[in-house]
Amino acid sequence: MHLLKNFAQLLTGVGFVALSTFGTMAQAQTATKPNVVILATGGTIAGAGASALNSATYAAAKVPVDKLLAGLPELANVANVRGEQVAQIASESFNNETLMVLGKRVSALVKQADVDGIVVTHGTDTLEETAYFLNLVIRTSKPIVVVGSMRPGTALSADGALNLFDAVSVAASKDAMGKGVLVTMNDEINSGRDVVKLVNIKTEAFKSQWGPLGMVVEGNNYWFRAPVKRHTAQSEFNIDEFSTLAPVEIVYGYGNVSTTATDAVGKSGIKALIHAGTGNGSVAATMVPALQAIRAQGIQVIRSSRVPAGFVLRNAEQPDDKYDWVVAHDLNPQKARILAAVALTKTSDSKELQRIFWQY
Ligand code: DAS
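None of these values were measured; they are calculated from a predicted model. (Residues numbered from 1 in each chain as written. Predicted model: local features only at pLDDT ≥ 70, side-chain atom pairs only at ≥ 80, totals over all residues. Heavy atoms only, no water.)

**Quick notes on the side chain of Thr-130**
This is how it is decided: Going along the chain from the N terminus, every DSSP run of H or I of four or more residues is numbered as a helix, and every run of E of two or more is numbered as a strand. What makes two residues a contact is simply this: any of their non-hydrogen atoms within 4.5 Å.
Mapped onto the fold, Thr-130 is located in helix 4 (residues 127-137). If near-sequence neighbours (up to four positions away) are discounted, Thr-130 is found in contact with Phe-94, Leu-99, Leu-102 and His-122.

Now the structure itself:
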């Protein structure tokens, strides 16, 4: 409970500590320990509720990064840490501009010789999108770990403190290098590419359909797999080479679907449309002509699926070769949107896009 006491105290301003350089009040910077920068963006991990019983009713994005770090002096056991407040928002409100600001800052920091790893604290709602984005565009082998929490730090059995400690432990570890962007939640280490928020109401919320890469226990990493898809240092994309992301929207498939939303989105200036189809990316018969008309305008059509696991087969439910459509492979609609937006900074050729969706 001491963490809650520290945390609660800090929330009331008592014991407020401003961290401007690596290290904490408790422990001077040590040359032997890795240097980890924590970039805070908001979310529940920075949330606060009215009482310890408010594990689900609270305000997100309230606690500044210096208070988060000062409430967790145990971080000094694994790394010299310092914090930066990049944003202070609930992550459902992330947009392309927020992604670019965060990505540019990460890209600048990983180039610094005195930075060994990065942690991004983030809301859980779009955490999977940001983690995948960074996985695609940051040219580094240094560990980058994205972390959130399902309960605010003021709640009984809050998960944020241990999630953050695990994230810093991984970001400080040489064995986490070259594994792409990682997500540490609920003791697991997952790939930023694969992990999705599968449950919206409990601490075991994040899962990868292909399984976690490893676990963190008492600050030690235990690895069992490594990613095979291209990422970070092996990516052809580099955030230093572009400044905006292409507009890409998602439409959802379901019984009795009409083309109203699709027709409207097709006229909104988008460069690609993600179709979150039923089953294996199926498209309702009434929707096919609408998507063909959108393709005829030069907008890319990418078939994903609303089904949380599996992958969309090319030329199975739809003749993708004939329609010149792309399939999103195993990427859910929101991750497919991220990859499309990044890929379109380099190409608008549908065959190149399909290659990119196979490789990333
Ligand atoms: N609204 C959620 C978000 O900021 C809170 C959270 O779970 O982090 O993503």
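**Looking at the site of the ligand**
Formally: For this purpose, a residue is taken to be near a molecule or strand whenever a single non-hydrogen atom of the residue falls within 4 Å of it. Contacts described as polar in this section are N or O atom pairs within 3.5 Å, which, within protein, must combine one atom able to donate a hydrogen with one able to accept it, while residues neighboring in sequence count only if both atoms come from side chains. For every accessible area listed, the method is Shrake-Rupley and the probe measures 1.4 Å; residues are considered covered only by the protein chains on display. Gly is put with the polar residues, along with every residue not named as nonpolar or charged; the nonpolar set is Ala, Val, Leu, Ile, Met, Phe, Trp, Tyr, Cys and Pro, and the charged set is Asp, Glu, Lys and Arg.
Around the ligand, a shell composed of Gly-43, Thr-44, Tyr-58, Ala-90, Ser-91, Glu-92, Gly-123, Thr-124, Asp-125 and Ser-149 is seen. At a separation of 2.5 Å, an oxygen atom of the ligand approaches a polar side-chain atom of Ser-91. Thr-124 places a polar side-chain atom, nitrogen or oxygen, 2.4 Å from an oxygen atom of the ligand. Burial of the ligand by the protein amounts to 91% of the accessible area it has alone, namely 260 Å². A per-class count over the shell around the ligand returns 2 nonpolar, 6 polar and 2 charged.

**Observations concerning the sheet that holds strand 9 (residues 214-217)**
We apply this condition: Think of it this way: DSSP has to see at least two bridges between two strands before they count as a pair. In this description, a line fitted to the C-alpha atoms serves as the axis of each element, helices being fitted only across the stretch in contact, and the angle between N-to-C directions of two axes falls anywhere from 0 to 180 degrees.
An order of 2-1-3-4-5-6-9-10 is seen for the 8 strands of this open sheet, with the pairing classed as mixed. Whereas interior strands pair on both sides, the edge strands pair on one side only; in this sheet they are strand 2 (80-89) and strand 10 (220-223). When the angles between neighbouring strand axes are averaged without regard to direction, this sheet yields 25°. Two strands pair when backbone bridges link them, and strand 4 (residues 144-147) and strand 5 (residues 182-185) are joined in this way by 2 bridges, in the parallel orientation. Bridged to Val-146 within strand 5 is Val-183.

**Here's the deal with unusual backbone geometry**
What counts is decided by this rule: Buried, partly exposed and exposed residues are distinguished by accessible area as a fraction of the type maximum, computed with a 1.4 Å probe on protein chains only: under 20%, between the cut-offs, and over 50%, respectively.
Unlike most non-glycine residues, Asp-187 shows phi in positive territory, near 75°. Following the sequence through the fold, Asp-187 ends up in the loop between strand 5 and strand 6 (188-191). Notably, Thr-232 is not glycine yet its phi reads approximately 40°, a positive angle. As for its position among the elements, Thr-232 is in the loop between strand 10 and strand 11 (248-252). According to the relative accessible area criterion, Thr-232 is buried, its value standing at 3%.

**So, the pairing of strand 12 (residues 272-277)**
Defined as follows: A right-handed crossover is one whose linking path, passing over the helix from the first strand to the second, runs clockwise when the strands point away from the viewer.
Buried residues dominate strand 12, accounting for 6 of its 6 residues. The alternating pattern of strand 12 places Ala-272, Ile-274 and Ala-276 on one face and Leu-273, His-275 and Gly-277 on the opposite face, and all of these are buried. Assessed by its sense of winding, the connection that carries the chain from strand 11 through helix 6 (residues 260-266) to strand 12 is right-handed. Taken together, the 6 bridges between strand 12 and strand 13 (residues 300-305) define a ladder with parallel strand orientation. Within the sheet, the bridge partner assigned to His-275 lies in strand 13 and is Arg-303.

**Quick look at the sheet that holds strand 14 (residues 326-327)**
Read across the open sheet, the 4 strands follow the order 11-12-13-14; overall the sheet is parallel. Each edge of the sheet is formed by a strand with only one pairing partner; in this case those strands are strand 11 and strand 14. Together, strand 12 and strand 13 form the strand contacts of helix 7 (residues 288-296), whose direction differs from that of strand 13 by roughly 140°.

**Some thoughts on the packing of helix 3 (residues 96-110) against helix 4**
The following threshold applies: Angles below 35 degrees are treated as roughly parallel, those above 145 as roughly antiparallel, those between 65 and 115 as roughly perpendicular, and all remaining angles as oblique. Each crossing gets its handedness from the near helix: less than a right angle anticlockwise from the far helix is left-handed, clockwise is right-handed.
In the contact formed by helix 3 and helix 4, the axes pass within 11 Å of each other and the chain directions differ by 45°. Relative to helix 4, the element helix 3 lies oblique. Taken as a pair, helix 3 and helix 4 cross one another with a handedness that is right-handed. In contact with Leu-99, Met-100, Leu-102, Gly-103 and Val-106 of helix 3, helix 4 contributes Thr-130, Phe-133 and Leu-134. Of the residues that constitute the contact of helix 3 with helix 4, the class distribution is 6 nonpolar, 2 polar and no charged.

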